[in-house]
Amino acid sequence: LKSVNEYLHTNTNVGSANTVNLANANWFAMTLTGSSGNRQFTFTNAPAANVFSHNMIIIQDGSGGKTPTWANTIYWAGGQVPPATTTASARDIWTFTTYDGGTTYIGTLSVKNAS
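Peer 1: Give a description of the nonpolar core that names residues and reports values.
Peer 2: Core analysis: the biggest nonpolar cluster contains 21 residues, and F41, F43, M56, W70 and F96 have the highest contact counts within it. Elements with a contribution of two residues or more to this core: β3 (27–32), β4 (37–44), β5 (52–60), β7 (74–76), β8 (91–98) and β9 (105–111). In this structure F43 touches V20, L22, H54, M56, W70, N72, I74, F96 and Y105, once residues within four positions along its chain are discounted.

Peer 1: Can you tell me about the sheet that holds β9, naming the residues and giving the values?
Peer 2: Reading across the sheet, the six strands line up as β1-β3-β5-β8-β9-β7 and stay open at both edges, with mixed pairing between neighbours. At either end of the open sheet lies a strand with only one pairing partner, and these are β1 (8–14) and β7. Within this sheet the neighbouring strands show an average axis-to-axis angle of 25 degrees, counted without direction. With five bridges connecting them, β8 and β9 associate as antiparallel partners. Counted as the bridge partner of F96 is G107 from β9.

Peer 1: Describe the pairing of β5, naming the residues involved and giving the relevant values.
Peer 2: Among the nine residues of β5, seven are classified as buried, and the element is accordingly described as predominantly covered. Pairing analysis gives six bridges linking β3 to β5, with the strands arranged parallel. Bridge pairing links A29 to I57 in β5. Of the strand pairs in this sheet, β5 and β8 are connected by eight bridges, and their pairing is antiparallel. Its bridge partner being in β8, H54 is matched across the sheet by F96.

Peer 1: Requested: an account of the packing of aromatic side chains, with residues and values cited.
Peer 2: This model, assessed by the stated rule, comprises nine aromatic pairs. In textbook terms, an aromatic cluster arises when at least three aromatic residues are bridged by ring pairs, as seen for F41, F43, W70, W76, W94, F96 and Y105.

Peer 1: I'd like a description of the environment of T44, backed by residues and values.
Peer 2: Among the structural elements, T44 can be located in strand β4. Look at T44 and you get partly exposed, because its relative accessible area is 26%. In this structure T44 touches T19, V20, N21, L22 and A23, once residues within four positions along its chain are discounted.

Peer 1: So, the pattern of salt bridges: which residues are in play, and what are the values?
Peer 2: Going through the model one piece at a time under the given rule, you end up with one salt bridge. Two residues, D61 and K66, come together in a salt bridge whose shortest N-O distance is 2.9 Å.

Peer 1: Help me get a handle on the side chain of H54, residues and values and all.
Peer 2: If you trace the backbone, H54 turns up in strand β5. By relative accessible area, which is 0% here, H54 ends up buried.

Peer 1: So what's going on with a nonpolar patch on the surface? Which residues, and what values?
Peer 2: Where nonpolar side chains cluster on the molecular surface, the patch consists of V51, Y75, Y99 and I106 and spans about 440 Å² of accessible area. Residue placement: I106 occurs in strand β9. I106 sits in the partly exposed class, given a relative accessible area of 42%.

Calculation rules
- Residues numbered from 1 in each chain as written.
- Predicted model: local features only at pLDDT ≥ 70, side-chain atom pairs only at ≥ 80, totals over all residues.
- Heavy atoms only, no water.
- Core = buried A, V, L, I, M, F, W, Y, C linked by side-chain atoms within 4.5 Å.
- Buried < 20%, exposed > 50% of the residue type's maximum accessible area, 1.4 Å probe, protein only.
- Helix = DSSP H or I, 4+ residues; strand = E, 2+ residues; numbered from the N terminus.
- Contact = heavy atoms within 4.5 Å.
- Pairing = 2+ DSSP bridges.
- Axes fitted to C-alpha atoms, helices over the stretch in contact; angles between N-to-C directions.
- Phe/Tyr/Trp six-rings, centres within 6.5 Å; stacked < 30°, edge-to-face > 60°.
- Salt bridge = Lys/Arg side-chain N within 4 Å of Asp/Glu carboxyl O.
- Patch = residues over 30% accessible without salt bridge, like charges linked within 9 Å, V, L, I, M, F, W, Y side chains within 5 Å.
- Areas by Shrake-Rupley, 256 points an atom, 1.4 Å probe, with all protein chains shown as cover.

In structure tokens, the structure reads:
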């Protein structure tokens, strides 16, 4: 077996457009702040070799109303992006896997509205 390391990157002030640098971690805790609306995420620096998965804990601030959107090519079950929880202080966990160096991803909403 090869050793496995998990790394967490936290951002408590996520605005409208965000770059998630996959060279920094494989877990990301992102608190969506500011006015309601979309928060777009773009993934960069996926490892070129092997399969790579990363997870995002998307946290709504105290006012909620923000929707994560995804700039990369992501395939979803049934071809539909699952609806995020947008209520105040909600937490969703999203998982993304690439097998081609970040050209495409397979996405899932792993945990909805953890409380």
